[in-house]
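Each chain, written out:
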Amino acid sequence: MAVYTEVSDEALTAFLSEYEIGTLLSYKGIAEGVENTNFFLHTTAGSYILTLYEKRVNAGDLPFFLNLMQHLAARGLACPQPIARRDGVALGTLCGRPAVIVSFLEGVSVKRPTADHCRALGVALAGLHRAGSDFGMTRANNLSVEAWQPLFEAAGPAADSVSEGLTERVRGDLAVLQAGWPRGLPSGVIHADLFTDNVFFIGDDLSGLIDFYFACTDAFAYDLAICLNAWCFEADGTFFPEKAEAMIAGYQSVRRLQDDEVAALPILCRGAALRFMLTRLVDWLNVPPGALVQPKDPLEYDRRLVFHRAATQARDYGWRG
């Protein structure tokens, strides 16, 4: 989440007049993240999140995201629900951007997840994969392995200004991943961005998942690999196998991984790390002037890649059969 587009009081008031969500009491920008412009809205009817879609979000993909959230919620997954206007349509336009209001989920994200948090996340992730199994829409993952070379080229020679030798390290990773990326794994709807700030807890209980704007159709095990990267490493690259073991065990309690998924975990984890390093790198080098945004450090994932390059089997990632 971030604020790229400023919204005036007058523009917001006119936009909200199309909704039955009470009278606006307050609103404020949300600076975390890097993708869309987000505001927290507080009205006489309750609390909501307003999102203006920017950057990598294709307006043509928005029906997939909005319908998916409705589908998952109907099957018991706690996630935000799009709020329809008086005309029954959820998607509108604000300040020249596609925009939507969604319900507010109670809870807080955890900055330093424990093994118990990781187990709960594994359970929820497998539940998401099961809940999406009969979703009727598909969306290709436009940030999968085919996109990584163009992202690397977008960063260009400036990559080495972020870290000496980064260009050469990325070239080596790309060669390995493009040659060996697994195909034909069990697939369906995945979240593709389930970082700790997109998962809420109330006490020790997981209360909901948010930010479905990278959701797509891809390998379930790749979604798990993204979560292993996001939840089981420190910023300095230290890996916590007990957290990974708990996450995989939680996932397995709902959906068993197949043998080909287990075998693919090392390369999927390496690929997931490179994907986020590259998108963070491009964002780091291209923050729009005046944007209220906190770009995430790409070198956190460069440090994770040191571990991934040495890992050779699923047991290195907490797999215990």
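### Things to note about the overall build of the protein chain
The helix and strand tally for the protein chain stands at ten helices and nine strands. By the compact-globule yardstick of 20 Å for 321 residues, the protein chain fits well, its C-alpha radius of gyration being 20 Å. The principal-axis extents of the C-alpha atoms in the protein chain amount to approximately 55 × 45 × 35 Å. Expressed as a percentage of contacts within the protein chain between residues at least 6 apart in sequence, the contacts between residues at least 24 apart total 73%.

### What about the packing of helix α3 (residues 115-131) against helix α7 (residues 220-231)?
Between α3 and α7, the shortest axis-to-axis distance is 11 Å and the interhelical angle comes to 155 degrees. In terms of orientation, α3 lies roughly antiparallel with respect to α7. Considering the relative orientation of α3 and α7, their crossing is right-handed. Across the interface between the two elements, H117, C118, L121, L125 and H129 of α3 pack against F220, D223, L224, C227 and W231 of α7. For the contact of α3 with α7, the class distribution of residues is seven nonpolar, two polar and one charged.

### Regarding the packing of α3 against helix α8 (residues 241-252)
Running from amino to carboxyl end, α3 crosses α8 at an angle of 35 degrees, the nearest separation of the two axes being 7 Å. For the element pair α3 and α8, the recorded crossing hand is right-handed. Residues A115, C118, R119, L121, G122, V123, L125, A126 and H129 of α3 lie in contact with α8, whose contacting residues are E242, K243, A246, M247, A249, G250 and Y251. When its residues are assigned to classes, the contact of α3 with α8 shows ten nonpolar, three polar and three charged.

Rules behind the numbers
- Residues numbered from 1 in each chain as written.
- Predicted model: local features only at pLDDT ≥ 70, side-chain atom pairs only at ≥ 80, totals over all residues.
- Heavy atoms only, no water.
- Helix = DSSP H or I, 4+ residues; strand = E, 2+ residues; numbered from the N terminus.
- Rg over C-alpha atoms; globule rule 2.2 N^0.38 Å.
- Contact = heavy atoms within 4.5 Å.
- Axes fitted to C-alpha atoms, helices over the stretch in contact; angles between N-to-C directions.
- Parallel < 35°, antiparallel > 145°, perpendicular 65-115°, else oblique.
- Left-handed = near helix turned anticlockwise from the far one by under 90°.
- Nonpolar A, V, L, I, M, F, W, Y, C, P; charged D, E, K, R; others polar.

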